[in-house]
Amino acid sequence: MHLYIKNMVCNRCILVVEQELQKLDIESCKVTLGEVETTGVPAKEKLEQLEKNLYALGFEMLDNSKQQLIEKIKNIIIQQVHHTQEENNHNFSDILSKSLHKDYSYLSSLFSEVEGITIEKYIIHQKIEKVKELIIYDELNLSEIAYKLGYSSVAHLSTQFKKVTGLTPTHFKTVGQNRRKPLDKV
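Just so it is clear, the structure is predicted and the values come from calculations on it, not from any experiment. (Residues numbered from 1 in each chain as written. Predicted model: local features only at pLDDT ≥ 70, side-chain atom pairs only at ≥ 80, totals over all residues. Heavy atoms only, no water.)

Visitor: Got a minute to help me understand the sheet that holds strand β4 (residues 60–62) in this structure?
Guide: Across a sheet, strands are paired by hydrogen bonds formed along the backbone, either parallel or antiparallel in direction. Sheet architecture is open: 4 strands sit in the order β2-β3-β1-β4, paired in antiparallel fashion. Whereas interior strands pair on both sides, the edge strands pair on one side only; in this sheet they are β2 (28–32) and β4. Adjacent strand axes in the sheet meet at a mean angle of 25° when their direction is disregarded. Note: strand β1 (residues 2–6) against β4, 3 bridges, orientation antiparallel. Directly across from Tyr 4, in β4, lies its bridge partner Leu 62. Sheet strands in contact with helix α2 (residues 44–56) are β1 and β4, and its direction is about 130° off that of β4. Its contacts with the sheet put helix α3 (residues 65–82) on β1, β3 (35–38) and β4, and the angle it makes with β1 is roughly 65°. (Pairing = 2+ DSSP bridges. Helix = DSSP H or I, 4+ residues; strand = E, 2+ residues; numbered from the N terminus. Axes fitted to C-alpha atoms, helices over the stretch in contact; angles between N-to-C directions. Contact = heavy atoms within 4.5 Å.)

In structure tokens:
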């Protein structure tokens, strides 16, 4: 059985969900961002309890196929922006279409309809959160950050950063510790 869970954005989220499954003796053969594959069909009472437990931890079980697809789109974007080590110069429309076996125009219109923003803006917001993280870590300069995230130039990164945050990257560096957002709130 496949269960779809909203707000799973990192490996710690996977760990928390696995722990909740273990508490309820629900066997899983695979837990990934936004999705759990159980070895059998859990009892209705266990699923209801799992839903309550996950909700208390900030997760939400999804039953609507459109919501599940939106969550898959978000998870693919988060994976590409935040958890991929290679430079981010790839085409998200191709990645999403290939991963989800759907036409990008369908995915784009569905995402906009349900989320109220375009996929492109969602990607920009995720990239800006990654930029904030990298600025705070202070391991890379702006040029290296721009390259790593697929920006054509530091100027393009700076312009987009200021448009989203209201701050320049340099000013953010001086005041930024309290300005990051959790990925599920982006």
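Visitor: What is the right way to look at the packing of aromatic side chains in this model?
Guide: Two descriptors summarise a pair of aromatic rings, namely the distance from one centre to the other and the angle between the planes of the rings. Using the criterion set out here, one finds 2 aromatic pairs in the structure. Ring plane angle 70° and centroid distance 5.5 Å describe the contact between Phe 161 and Phe 172, whose orientation is recorded as edge-to-face. Here the residue Phe 161 occupies a position in helix α8 (residues 154–165), and Phe 172 occupies one in helix α9 (residues 169–175), the gap between them amounting to 11 residues. When sorted by exposure, Phe 161 lands in the same class as Phe 172, which is buried. When the ring centre of Tyr 151 is taken as reference, the NZ or CZ atom of Lys 127 above it lies at 5.0 Å. (Phe/Tyr/Trp six-rings, centres within 6.5 Å; stacked < 30°, edge-to-face > 60°. Buried < 20%, exposed > 50% of the residue type's maximum accessible area, 1.4 Å probe, protein only. Lys NZ or Arg CZ within 6 Å of the ring centre and 35° of its normal.)

Visitor: Whenever I open this one, the pattern of salt bridges confuses me. Can you help?
Guide: Opposite charge on two side chains permits them to pair, given that their charged atoms come into close proximity. Counting across every chain of the model gives 5 salt bridges. Of the charged contacts, one joins Glu 115 and Lys 74 as a salt bridge, the two residues approaching to 3.0 Å between their closest N and O atoms. On the criterion of sequence distance, the pair formed by Glu 115 in helix α5 (residues 104–115) and Lys 74 in helix α3 is long-range, its members being 41 residues apart. Accessibility expressed as a relative area gives 28% for Glu 115, which makes it partly exposed. One salt bridge connects Lys 132 with Glu 129, and the closest N-O pair in it is separated by 2.8 Å. A residue pair is termed a helical-turn pair when its members lie 3 or 4 positions apart in one helix, as Lys 132 and Glu 129 do in helix α6 (residues 119–137) at 3 residues. A relative accessible area of 4% places Glu 129 in the buried class. (Salt bridge = Lys/Arg side-chain N within 4 Å of Asp/Glu carboxyl O.)

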